[in-house]
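The lines below spell out each chain.
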Amino acid sequence: MVWRRSECGLWARMCVLALGLLLLLLPGGQCFLPNFWSSVLTLSWDSYTHQYMTEQAILNVTMETLESLMMAQQQHSANEKDVGLGRGFWHAVGEVVHCNVEMDFGEYTRLDPVYHFDAERVDNAMEMLREFWSQAVLLAKVEDYQGARKSLGQLFHSLQDFYSHSNWVEMGQKDIYHHLLDPRAPAIPTASEELATCAECDVRPLLPVPAFMQPAFMQPVYTCEDNILKVMLNPKAPLLTTGYFSEYPNKPPGKCSHGGVLDSSRHEGAQGGINKDSTSPFFSPHHYLHAQAAKLATTATVTVLQDLRNAVGNKTFLRLFSVKQLPALVFVIDTTGSMWDEISAVRRRADSIILARKQESTYALPGTFLLVPFHDPQVGPVYETDDPDQFLRYLEDLTALGGGDEPEMCFTAIQLALTNSPPLSDIFVFTDASAKDRHLYNSVKALTLEKQSKVTFLLTEDTRRKWGRRKRRETLSPDRFNLYISLASVSGGLTVFTTDKDIGSVSAIVQDSTKADKVTLLHVESHADSEVSHSFQVDSSMGNVTLHLAGDLTNCTLYNPNGHSQPLLGPPGPLAELESLKGLYRVTLLAPIAQGQWHVTAQARGNVTFSVIGDSSLDFLYYFATEANETHPGLSRVEGSPIAGLPVFLVLAVTGLSPAQRASFSHAALVGSGGERLQDVGLNSTSTWWSTEQELVGRVEAVPREPFCVHLFGQDALGSALERVSSEMIHPTHVQIQVLSSSRLVPGHNSSVAFEVWNHGPARSFSLSAEDDHGYLSPSGPYSFHIDEGSSFSREVVLKTPHKAAAGEAVTLTLMVKARDSADSNYAVVHLTVIPQEKDTSPPSCSAMRVEESCPPGDPTGEHCMLGNWSVSLAVKDRGHSGLASVQLSQGDGILMLLHHRHHGNHQTTTGGHHGHHGWMEGQPPHEAVGAQGLGRDRMAMGDPPLSVTSWAVGRPVRLGYVSTCCAPRAELVVWDRAGNSRRCHLLSPRQSREQPARNKASQRHRQGTLSCPAALSLGVLLLFSLLVAGAV
């Protein structure tokens, strides 16, 4: 099913309408729609989203770059489009898109006007854009491609928002605003705070409705034309303005609103709005200019990418997006004296792989080669290159010396391999020893899942050999390799127990798995001695097909789609060729390979893993997401493992389809580790006629409680079955960890990462641990804390970046939370970057987040003003890198308070009000407890000395609250950073900030731009009526 207006029936439209009605009950939204789901929710299928504009820009500049490089060799055709770019390309694009749209969902970014060019914060937003640009160039040059993609995604979001939220289009501008990123380009000033920028906009009924419906169901909706004052559009001296959204911050009289039904400020003078986020008049007052704004936003995005390519060079640009890049070759090798045969086998296998790759002419880039040697206690260094000959020299220099005792530092080496290798890598570990650093298992597991990489272990431990091969410090457990088996199982890799004699042949698995365009057709594990049967589908796009069976088989038979069979452990047959090795059976299907469903039955002694891979460009990527219920409509990606028993959306992107290929995908199955089918998920295509890839979405009604992988089902143009499998195992859980904010790392400074842990199970205790790959954490835990059912716990970890840290250095932080009474666990991975230490000239910023008022009716400052009060909560943030220093109330008769979590004994409380989180930390050092440094003064009145917030603000926003009687409707505070920069922040009571004294009842509660139920019903009735009319026509 494809959601296109021309194909939607009446009932389909009514179903989408129901989603729209649900959206209307949610808090507001304030930018270009984030992703494809936003267009569905807002009933504006033809709106350009952040996702679409970003994908198109990257694809166009990538194709332009490839064509300029390969035109002479005639190796590339424009008709190939995205087919030959590779699965890694779309994964890289997905990272940029995710970091773009996450600006709409992040705890500290979704309401900050600077990130969205709102509330006339143009200068601050431009400064931020230029910082993102500098970081992207720096990180690309030092080959921190993941960090560069993150900076690009954040840059693109704010850059694109400028054209939707400002009056640039209304000025009649046909070109992009170059000054946003180039300070040398001509600049247009921003309107002063006192200058009115918009006129009132008339309320218009957008739909024809019967007369009897109009009095009861009329919700004010604005289609605004010519509401920007002419003084702003003067061709000789134009002025910039951007709309104010709800109360973030309060809109001064006469300023433009963002507008739309989710913006509460649209009713305040000047009424209406100017946003061009969508084609829907319900959400965008300037909806008729949406296409023009989107065109300029896309052009600006393309320009940034072209400038980036010019700054870093074509080759680096293509590597940034993993364009036509061969899979990485990653070896983690034990170099103790017992590993000589294994090291020799790795050299021979690497030479064979590289020789075969040199014969490939269709790939622009050779791929990454990475080697991490280890023993005890030394690990590394990491040898990384894109020169295959250099990689062979690294291998030649390896020697098997020393060591001789078990265990070894294997997980430390795997951690280094994961942090230095690209996503989607296959990592091969050669060792004959168990792990000494078992405490790193959870961190390594989290990194493996976050990067969607596979880890395969080739173990040459043979208990039948003389014990003199390795000295042992202690009696070793027979299950000492269980953590290796577990990591391989979770990541979709294999564990092969073999011998020195067979390791050379077994290493062929490396060559099989790292060929270009390799897809998985089956990956299951069996844990019984009884006979098992599994099937896999071979389609017309498939080339070579190889089966890897890891274990000790006693019987195995292969059946083709025509019913012919071949016992694999017997004599050679016509279906497949078998290579039987110690611990591994390598089966290659013989040509011609019959299309259709194949079966394999087997019986084994102990556990056996079945893995079937084939050559095909057709594959898929996926993630889980939830509907965003805060300020922006759309799907927000689930970080870490999904929550068992709760609904979630499954989003898939099919890659490798050429424009000429026709394929449809009906559903996905969530399949257990043994191949059992746990749940089917129906899929709908969200792709539109202008899309470049097939994107699918389905709703999982309740996430299974058992581990599972994703199995995709579809058909080609001839009706033949298509199937693909993701081999990594998803482990559902009842605990969630979410990163709220992370600051940049500056040499010689402290930085923080704030996070929140949610307990979706019964009240219980959890342990928290943190690891970083550079040792900057201080301290790293572990800690324990208790969380009530359905509640959460917030804290932060601090990183101390040394003065000698190099600019562009990538630091990976892994946070792990685990229940003490069960296997429930989850993780979060944060990628941080060291930025150059430059003079901080950026003043702090302050944004009002919530405004409440309970002033008496009539004159709010009259004789009864002492009977009511007004309050505002605001976020104060350092825009530079020096950190916040202090705040002072310079005007106002009220009280200014710090809003924070304070540590008292075993309980967490919040200064300034109820926070709704129920948890406490056990055994936490007092100097590290959240808020423990500030147990002194945390509130002030006018005339008090400045209040230090240094210990509260290690690189994150500080929450402040101000409360005053209605007699004093104005206040001012001053914020300083540690570099001496300051900002004066003006606070106004709600009534003082607008011209008309409405909102008597509504102002007594916290408003976030939500619609009342009657208002939502009004719009719902109108929309339903219009759809019924359209359906009848």
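Note that the coordinates shown come from a computational prediction; the quantities given were computed from them, not determined experimentally.

Thoughts on the side chain of Lys-255
Structurally, Lys-255 can be placed in the loop between helix 6 (145-165) and helix 7 (290-312). Lys-255 gets classed as buried once you look at its relative accessible area, which sits at 0%. Excluding anything up to four places from it in sequence, Lys-255 contacts Glu-120, Ala-191, Ser-192, Glu-193, Leu-195, Thr-197, Cys-198, Tyr-244, Gly-269 and Ala-270.

As for unusual backbone geometry
With an omega of 0 degrees, the peptide bond between Gly-269 and Ala-270 qualifies as cis. Along the chain, Ala-270 falls in the loop between helix 6 and helix 7. Omega for the peptide link from Ala-591 to Pro-592 comes to -5 degrees, which places this bond in the cis form. Within the secondary structure layout, Pro-592 lies in the loop between strand 15 (584-589) and strand 16 (596-604).

Quick word on the confidence of the model for the protein chain
Chain-level statistics for the protein chain give a pLDDT mean of 81 and a share of 80% at 70 or above. Considering only residues more than four positions removed or in separate chains, one finds that residues 901-936, a stretch of pLDDT under 50, has 86 contacts. pLDDT under 50 marks residues 995-1033. Its contacts with residues more than four places away, or in other chains, come to 82 contacts.

Describing the packing of aromatic side chains
Taken as a whole and assessed by the stated rule, the structure comprises 24 aromatic pairs. Between Tyr-383 and Tyr-394 the ring centres are 4.8 Å apart and the planes differ by 35 degrees, which places this aromatic pair in the tilted class. Of the two residues, Tyr-383 sits in strand 3 (residues 383-385) while Tyr-394 sits in helix 10 (residues 388-396), which places them eleven residues apart along the sequence. For Tyr-383, a relative accessible area of 28% translates into the label partly exposed. A ring pair is formed by Phe-457 and Tyr-484, whose centres lie 4.5 Å apart and whose planes are at 15 degrees; its orientation type is stacked. Placement of Phe-457 in strand 6 (residues 454-459) and of Tyr-484 in helix 13 (residues 482-491) is noted, with a sequence separation of 27 residues between them. Judged by relative accessible area, which is 1%, Tyr-484 ranks as buried.

Description of empty space enclosed by the protein
The full count for this structure, using the stated rule, is eight cavities of 30 Å³ or more. Of the pockets and cavities examined, the largest cavity occupies roughly 890 Å³. In terms of lining, the largest cavity is formed by 47 residues, of which the most central are Arg-87, Pro-327, Leu-424, Asp-426 and Lys-518. Breaking the lining of the largest cavity down by element, the ones donating at least two residues are helix 4 (87-101), strand 6, helix 15 (508-513), strand 9 (518-526), strand 17 (608-615) and strand 18 (619-627). A total of four residues in the lining of the largest cavity trace back to one element, the largest contributor, which is helix 4. Looking at side-chain class alone, the lining of the largest cavity contains 17 nonpolar, 21 polar and nine charged residues.

What to know about helix 10
Considered for burial, the residues of helix 10 that qualify are Pro-388, Phe-391, Leu-392, Tyr-394 and Leu-395. Projected onto a plane normal to the axis of helix 10, the buried residues spread over an arc of 155 degrees and lie on a single side. Tucked into the core, helix 10 has its buried residues touching strand 1 (329-334), helix 9 (340-358), strand 2 (369-374) and strand 3. Looking at where helix 10 begins, the residue whose side-chain oxygen comes 3.0 Å from the main-chain nitrogen of Asp-389 is Asp-387.

Here we look at the pairing of strand 26 (residues 721-725)
With respect to burial, strand 26 is a largely interior element, four of its five residues being buried. Hairpin geometry of strand 25 (residues 709-716) and strand 26 is characterised by an intervening segment of four residues between the two adjacent antiparallel strands and by a positive phi of about 85 degrees at Gly-719.

A closer look at the packing of helix 3 (residues 50-70) against helix 7
Two elements in contact, helix 3 and helix 7, have axes separated by 9 Å at closest approach and are oriented at 40 degrees. When the axis of helix 3 is compared with that of helix 7, the two are oblique. Crossing hand, helix 3 versus helix 7: right-handed. Within the contact between the two elements, helix 3 uses Met-53, Ala-57, Ile-58, Val-61, Glu-64 and Thr-65 and helix 7 uses Ala-294, Ala-297, Thr-298, Thr-301, Val-302, Leu-305, Gln-306 and Arg-309. By residue class, the composition of the contact of helix 3 with helix 7 is eight nonpolar, four polar and two charged.

The rules behind the values
- Residues numbered from 1 in each chain as written.
- Predicted model: local features only at pLDDT ≥ 70, side-chain atom pairs only at ≥ 80, totals over all residues.
- Heavy atoms only, no water.
- Helix = DSSP H or I, 4+ residues; strand = E, 2+ residues; numbered from the N terminus.
- Buried < 20%, exposed > 50% of the residue type's maximum accessible area, 1.4 Å probe, protein only.
- Contact = heavy atoms within 4.5 Å.
- pLDDT = per-residue confidence, 0-100.
- Phe/Tyr/Trp six-rings, centres within 6.5 Å; stacked < 30°, edge-to-face > 60°.
- 1 Å grid on protein atoms, 1.4 Å probe; cavity = no way out; pocket = protein on both sides within 12 Å on 5 of 7 lines; lining within 4 Å.
- Points joined across faces, edges and corners; volume = space filled by probe spheres on them.
- Nonpolar A, V, L, I, M, F, W, Y, C, P; charged D, E, K, R; others polar.
- Arc of directions from axis to C-beta.
- Polar contact = N/O pair within 3.5 Å; in protein donor to acceptor, adjacent residues only side chain to side chain.
- Pairing = 2+ DSSP bridges.
- Axes fitted to C-alpha atoms, helices over the stretch in contact; angles between N-to-C directions.
- Parallel < 35°, antiparallel > 145°, perpendicular 65-115°, else oblique.
- Left-handed = near helix turned anticlockwise from the far one by under 90°.

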